[in-house]
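Report on the structure
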Protein chains: 2
Amino acid sequence: MWSNSELAKRLHIQWPIIQAGMAGGTTTPELVAAVSQAGGLGTLGAAYMNAEQIRAAIRAIREQTDKPFGVNLFIPEPFDAHQKVAESVSRVMNEVRSQLDIPLDPDVASFTEPFEKQMAIVLEERVPVFSFTFGMLDQAWMKKLKEQGVTVIGTATTVREAVALEESGVDMLTAQGSEAGGHRGSFLPDAPSNMIGTMALVPQIVDRVNIPVIAAGGIMDGRGIAAAFALGAQAVQLGTVFLTCTESGAHSLHKRAVLEASDESVVITRAFSGKAARGVSNHFMKLLAPLEKELPSYPVQNALTRDIRAAASKQQKSEYLSMWAGQAASLAKACTAKELIQRLVDETEQVRRRL
Amino acid sequence: MWSNSELAKRLHIQWPIIQAGMAGGTTTPELVAAVSQAGGLGTLGAAYMNAEQIRAAIRAIREQTDKPFGVNLFIPEPFDAHQKVAESVSRVMNEVRSQLDIPLDPDVASFTEPFEKQMAIVLEERVPVFSFTFGMLDQAWMKKLKEQGVTVIGTATTVREAVALEESGVDMLTAQGSEAGGHRGSFLPDAPSNMIGTMALVPQIVDRVNIPVIAAGGIMDGRGIAAAFALGAQAVQLGTVFLTCTESGAHSLHKRAVLEASDESVVITRAFSGKAARGVSNHFMKLLAPLEKELPSYPVQNALTRDIRAAASKQQKSEYLSMWAGQAASLAKACTAKELIQRLVDETEQVRRRL
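Residues numbered from 1 in each chain as written. Chains lettered and ligands numbered in written order. Predicted model: local features only at pLDDT ≥ 70, side-chain atom pairs only at ≥ 80, totals over all residues. Heavy atoms only, no water.

Let us look at the pattern of salt bridges. Considering all chains together, one arrives at 36 salt bridges over all chains under this definition. Between Lys275(A) and Glu77(A) there is a salt bridge whose closest N-O contact spans 2.9 Å. Placement of the pair is Lys275(A) in the loop between strand S10 (266-269) and strand S11 (277-280) and Glu77(A) in the loop between strand S3 (69-74) and helix H4 (87-100), with a sequence separation of 198 residues. The residue Arg91(B) makes a salt bridge to Glu87(B) at a minimum N-O spacing of 3.2 Å. In this pair, Arg91(B) and Glu87(B) both sit in helix H4 (residues 87-100), four residues apart, roughly one turn of the helix. When its relative accessible area of 42% is taken as the criterion, Arg91(B) is described as partly exposed. Classification of Glu87(B) as exposed rests on a relative accessible area of 54%. Taken together, the salt bridges that share partners define one network made up of Glu52(A), Arg55(A), Arg59(A), Arg62(A), Glu124(A) and Glu125(A). (Salt bridge = Lys/Arg side-chain N within 4 Å of Asp/Glu carboxyl O. Helix = DSSP H or I, 4+ residues; strand = E, 2+ residues; numbered from the N terminus. Buried < 20%, exposed > 50% of the residue type's maximum accessible area, 1.4 Å probe, protein only.)

Listed below in structure tokens is the structure:
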């Protein structure tokens, strides 16, 4: 039966429902702990946090639950910190800064938090589950995690990526369909297409790997959960539906935008970070859309928009916020994480009986 | 239970499995009849056929089965038959014609078969089910079809399109997810995004309309069928999986390309018809990819590539064939339509019991 998957037993969770490790402050310790306490797997989206912040968050989670939880990080990729930003891009970004009344052409102190320091905390704090996206984990880290008995989860957007991750030794993997909100986890180049829908991606990956597959992308309720299990997944990962939880740290304007989204208003953009990500369409995305090809790549553009996103957040201006969301955002509801998990479980049972 | 849906009863079919009305010779009377005879709903993809060809095909179907079947047409859209084709596009197309050793700059006798004449046959022959894509059906035709008791099915790629189709009086509608092979059915403009995955599209449409919804896009086996029913669909429509049936009229190179496809090799292109469609990536698509924005719109580009596709077919050159396929094409198998329907039903039952 769906709730009784090998994966659920291995993770010691009651329901094979994973709350995605969304970066950027959404996954508060309160949200992570509430999800795990309710029988799912909460995940701290720690990619933009420094070592001390990660440690503090992990400890805050543990104060609120003794259930298993995960930590998610971004695999670093080589980048040119000194790349020249196209004048057209700088001009538009400075126009936005003028609108927000913040300094033009700010210095960028750092582009990413050091991955080694983030990983050191994951190991020191002995987190039960470690998940990652944007690439493959170095074998040295993989070995250390395995020695500690940490369950390691990678993210694939194609069959090739899934096979590569399995070969690298991950214990399970998330199949991220094109419907998913936030950043695309794609990391293998030279493919004509990597925007593969969940319905097509999950069974093709399930057929090619021997490790458990977690379905992600467009899943918002019991219908999506039952569908993912029908496709052969052993668990589901949901992000958008947790954004509007009481415990979520998402900006109130972000929560409102998700609750008011339509299927057509949620689009892919590189405007905020230089990496393709899906979110509610807004003015900033539209401003940079014509310059899509001139944008610096991740993490440079991400660092360059940091001041804009921070000011927009403070000034309550949704037109300049990154409001990540998946293609089924319109199905989101406002509730507590505990209520949400219970509803998801009840709905999935109803669908199961209806089939 | 899934097989016992209101839709199945209304269409008088044993299994709510619809074979998509793929245009271009794939849906031979033999394929359509075999699918219907096996308890599904076969559909004649008649969009590129003239009135007499449609009549002959319908009669051939009826000689092979007394079960219900459908006919699918494209809704005509206004176009400029005299639009000037960009010199860059003509040059590349003529280079292809040289490769194929066929006349350069051929005259185009007609752009589409007259819709009125096609519809007249649908009415005269009293087909049980009429489905359409690329737009809305004029109320005059809708009224005539309803008077004859024909079940009318429209195609939606967004919630807005689904609502518009329901208001127009269709009996049921197909929700075409972004995974689907062949032409996108999108017809309402001014949307930031209409590439919505099946997993996200189906439940959002089901929640907004009161007519039965048929799920399409990325469905290739019992896992996909059970998933679609979990999402709230009352039937599924599959195209790609029928392409490789013995009875399918698809070119043998097209069949082989589908059987050898991967999740990443199936991409969206406007190269063949001027309208976005998904197929196995090949040389012709790559040649025209840099000119995507300069291509004439449908049906002009479709008419302009007719000689190329015909010559490629005759000369067995897959690099210039349009080989439509969905994102889960790699799950296709070679078999008869009867074997396929039986396998789909058995697999769906297995998935149902597993959940």
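So that's the structure; there's more coming.
Time to look at the sheet that holds strand S4 (residues 129-133) of chain A. Residue and element names in this part refer to chain A. Strand order in the open sheet formed by eight strands is S1-S9-S8-S6-S5-S4-S3-S2, with parallel pairing between adjacent strands. Two strands close off the open sheet at either side, each with one partner strand: strand S1 (17-19) and strand S2 (42-45). Across the sheet, the mean angle separating the axes of adjacent strands is 25 degrees when strand polarity is ignored. Note: strand S8 (residues 213-216) against strand S9 (residues 235-238), three bridges, orientation parallel. Looking at S9, one finds that Ile 214 is bridged to Ala 235. (Pairing = 2+ DSSP bridges. Axes fitted to C-alpha atoms, helices over the stretch in contact; angles between N-to-C directions.)

Before going further, it helps to spend a moment on unusual backbone geometry. Looking along the chain, the bond that leaves Tyr298(A) and enters Pro299(A) is cis, with omega of 0 degrees. Here Pro299(A) lies in the loop between helix H12 (283-288) and helix H13 (300-304). The phi dihedral of Arg126(B) is positive, around 50 degrees, even though this residue is not glycine. Here Arg126(B) shows up in the loop between helix H5 (115-124) and strand S4 (129-133). Under the relative-accessibility criterion, Arg126(B) is labelled exposed at 54%. Located in the positive-phi region is Gln316(B), a residue other than glycine, with phi close to 60 degrees. As for its placement among the helices and strands, Gln316(B) is situated in the loop between helix H14 (306-314) and helix H15 (337-354). Overall, the relative accessible area of 48% leaves Gln316(B) in the partly exposed class.

Here we come to the interface of chain B and chain A. Contacts between chain B and chain A engage 47 residues on the former and 47 residues on the latter. Both faces combined, the contact of chain B with chain A buries some 3,600 Å², and carbon together with sulfur accounts for 55% of it. Considering only the surface of chain B that becomes buried against chain A, Met199(B), Glu264(B) and Leu355(B) emerge as the three largest contributors, covering 24% of it. Our count for the chain B to chain A interface comes out at four salt bridges. Ionic pairing is found between Asp207(B) and Arg223(A), a salt bridge with its closest N-O pair at 2.8 Å. There are 22 residue pairs in polar contact (both at pLDDT 80 or more) connecting chain B and chain A. Within the residue set of the side of chain B that touches chain A, elements represented by two or more residues are helix H7 (159-168), helix H8 (198-206), helix H9 (222-230), strand S10 (266-269) and H15 of chain B. Class assignment of the residues belonging to the side of chain B that touches chain A gives a composition of 25 nonpolar, 14 polar and eight charged. (Contact = heavy atoms within 4.5 Å. Buried area = accessible area lost by both parts, 1.4 Å probe. Polar contact = N/O pair within 3.5 Å; in protein donor to acceptor, adjacent residues only side chain to side chain. Nonpolar A, V, L, I, M, F, W, Y, C, P; charged D, E, K, R; others polar.)

Residues and elements named next belong to chain A. With respect to the secondary-structure elements, Asp 105 resides in the loop between H4 and helix H5 (115-124). Its relative accessible area of 54% is what places Asp 105 among the exposed residues. Linking Asp 105 and Leu 304, residues 199 residues apart in sequence, is a C-alpha distance of 8.8 Å. Residues contacting Asp 105, with those up to four places away along its chain left out, are Asn 94 and Arg 97. A polar contact is formed between the side chain of Asp 105 and the side chain of Asn 94, at a distance of 2.9 Å.

Another aspect to go through is the packing of helix H9 (residues 222-230) of chain A against H9(B). Orientation of H9(A) relative to H9(B), taken along the N-to-C sense of each, is 175 degrees, at an axis distance of 8 Å. With respect to their mutual orientation, H9(A) and H9(B) come out roughly antiparallel. In contact with Arg223(A), Ala226(A), Ala227(A) and Ala230(A) of H9(A), H9(B) contributes Arg223(B), Ala226(B), Ala227(B) and Ala230(B). Class assignment for the residues of the contact of H9(A) with H9(B) results in six nonpolar, no polar and two charged. (Parallel < 35°, antiparallel > 145°, perpendicular 65-115°, else oblique.)

Attention now goes to the relation of the copies chain B and chain A. Between the two copies, chain B and chain A, the superposition gives an RMSD of 0.0 Å; the rotation angle is 180 degrees and the shift along the axis is 0.0 Å. Taken together, these values place the two copies in the relation of a two-fold axis. The rotation axis passes nearest to the C-alpha of Ala227(B) in chain B, at a distance of 1.9 Å. The residues that chain B uses at the interface reappear at the interface of chain A in 100% of cases, marking a shared surface. (Least-squares fit on C-alpha atoms with pLDDT ≥ 70 in both.)

This part covers the side chain of Thr198(B). Within the element layout of this structure, Thr198(B) appears in helix H8. When its relative accessible area of 0% is taken as the criterion, Thr198(B) is described as buried. Of note is the side chain of Thr198(B), whose polar atom sits 2.8 Å from the backbone oxygen of Gly217(B). Among residues more than four places away in sequence, those in contact with Thr198(B) are Glu179(A), Met199(A), Gly177(B), Ser178(B), Glu179(B), Pro203(B), Ala216(B), Gly217(B) and Leu231(B).

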